Amino acid sequence: IQRSYYVGGLRTVRGQLPGTLEGDAFWLARGEVGTRQGVLRPVAFFDVGWAGSRRAIGRVQPLRGAGVGVGILDGLFRLDVARGVYPRTGWRSDLYLQATL
């Protein structure tokens, strides 16, 4: 369990439940398009990722999610509204702090 990768959720594929896929290998791709506007910065994003056994690469469809978000105060706070594309198709919203430590 300590050497497993978990895909799904806010830090990997937004719009999916955390830990939807788990395995000893993973891949992840994320794309974001945004603007440079003052205090509020709108963005649109698409995430795709997979986790599982190395022998199962290509046999299981990857997780996918897309949505929009807004960065507040130069990205200090972020609000994302995402919809799962595959396998879960529900909506999720997340408000989180992105402060650099």
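Here's a quick rundown of the structure. (Residues numbered from 1 in each chain as written. Predicted model: local features only at pLDDT ≥ 70, side-chain atom pairs only at ≥ 80, totals over all residues. Heavy atoms only, no water.)

**Describing the pairing of strand S6 (residues 77–86)**
Inclusion rule: When DSSP finds at least two bridges between two strands, those strands are taken to pair. Here a strand is any run of E in DSSP of at least two residues, a helix any run of H or I of at least four, and the numbering for each starts at the N terminus.
Inspection of the sheet shows strand S5 (residues 63–72) paired to S6 by 9 bridges, in the antiparallel sense. Paired with Gly 65 across the two strands is Gly 84, which belongs to S6. In this sheet, strand S7 (residues 91–97) lies alongside S6 in antiparallel orientation, the contact comprising 7 bridges. Bridging across to S7, Arg 78 finds its partner in Tyr 96. In this structure, the hairpin formed by S6 and S7 is closed by a connection of 4 residues.

**Things to note about the sheet that holds strand S3 (residues 25–34)**
Paired through backbone hydrogen bonds, the strands of a sheet run either parallel or antiparallel to each other. Rules: Interaxial angles span 0 to 180 degrees and are taken between N-to-C directions of axes, which are lines fitted to C-alpha atoms, for helices over the stretch in contact.
Strand order in the open sheet made by the 5 strands is S3-S4-S5-S6-S7, with antiparallel pairing throughout. Both outer strands of the open sheet, S3 and S7, are each paired with one neighbouring strand and no more. Taken over all neighbouring pairs, the strand axes of this sheet differ in orientation by 20° on average, direction set aside.

**Observations regarding the side chain of Asp 80**
Rules: The buried label goes to any residue with under 20% of its type's maximum accessible area, the exposed label to any with over 50%, and the partly exposed label to all in between, with areas taken from a 1.4 Å probe on protein chains only. Here a polar contact is recorded for every N or O atom pair within 3.5 Å, except that within protein the pair must consist of a potential hydrogen donor and a potential acceptor, and residues adjacent in sequence are included only if both atoms are side-chain atoms.
Relative to the helices and strands, Asp 80 is located in strand S6. What makes Asp 80 buried here is its relative accessible area of 1%. In terms of polar contacts, Asp 80 uses its side chain to reach the side chain of Arg 14, at 3.5 Å.

**Quick look at the packing of aromatic side chains**
Quick note on the threshold: Only Phe, Tyr and Trp rings are paired, with Trp represented by its six-membered ring, and only when their centres lie within 6.5 Å; those with planes under 30 degrees apart are stacked, over 60 edge-to-face, the remainder tilted. Here, a charge over a ring means that NZ of Lys or CZ of Arg falls within 6 Å of the ring centre while also lying within 35 degrees of the ring normal.
For the structure shown, the criterion picks out 1 aromatic pair. Ring geometry for Tyr 5 and Phe 26: centres 4.6 Å apart, planes at 40°, overall tilted. Note that Tyr 5 is positioned in strand S1 (residues 5–7) and Phe 26 in strand S3, a separation of 21 residues in sequence. By relative accessible area, which is 38% here, Tyr 5 ends up partly exposed. A residue is classified by how much of its surface remains accessible, and Phe 26, at 42% relative accessible area, is partly exposed. The lysine or arginine in question, Arg 14, covers the ring of Phe 45, its NZ or CZ lying 3.8 Å from the ring centre.

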